[in-house]
Amino acid sequence: MSNGRGEIMDRKEKLGIAVKTERLRRNMTQTELSQKAGVSLRTITDVEKYRGNPRYDTMYQLIRYLNLPVTEFFYPEHDSHLINVIAELAKFADAHKSL
């Protein structure tokens, strides 16, 4: 497992993109999200612009409030495996619909 600067930036970008995408999907402003998730407006701005290092408590509040998949941020290598399993299950289900 690499801990290079690029990997850290990728994680920050992934979190920022996920937070912003879900906030916009819910038609929320940054201010509304900060109030409802219990974090500062500055934190929301920094996360969405990939700045700073959010504390664990902050990430926890955002991930929980927005109902984001925790594995996406802490175990990203599991996402591709999960996607493959879901795809296989879908094929299996489609194949057995005609029975």
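None of these values were measured; they are calculated from a predicted model.

Procedures and definitions
- Sequence order as written defines the numbering, with residues in each chain counted from 1.
- Totals for whole chains, interfaces and linings use all residues, but because this is a predicted model, local features are given only for residues with pLDDT of at least 70 and pairs of side-chain atoms are given and counted only at 80 or more.
- Heavy atoms throughout the structure, all of them, feed into the side-chain values; hydrogens and water do not.
- Only runs of H or I of at least four residues qualify as helices and only runs of E of at least two qualify as strands under DSSP, and these elements are numbered from the N terminus.
- When checking whether two residues touch, look at their non-hydrogen atoms; a contact exists if any pair is within 4.5 Å.
- Each residue is assigned to one of three classes by its accessible area relative to the maximum for its type, calculated with a 1.4 Å probe on protein chains only: buried under 20%, partly exposed between the two thresholds, exposed over 50%.
- Arc, as used here, means the arc of the directions from the helix axis to the C-beta atoms.

A. Here's a closer look at the overall build of the protein chain. Across its full length, the protein chain carries six helices and zero strands. Going residue by residue from the N terminus, the α and β elements of the protein chain occur as α-α-α-α-α-α. Across the protein chain, every contact between residues at least 6 apart in sequence was considered, and the portion connecting residues at least 24 apart equals 58%.

B. Molecular detail of helix 2 (residues 30-37). Among the residues of helix 2, Leu33, Ser34 and Ala37 are the ones counted as buried. Angularly, the buried residues of helix 2 cover 100° about the axis, an arc narrow enough to put them on a single face. Every exposed residue of helix 2 that faces more than 90 degrees away from the buried side is listed here: Gln35 and Lys36. Positioned one or two residues after helix 2, Gly38 has a phi angle of 80°, which is positive.

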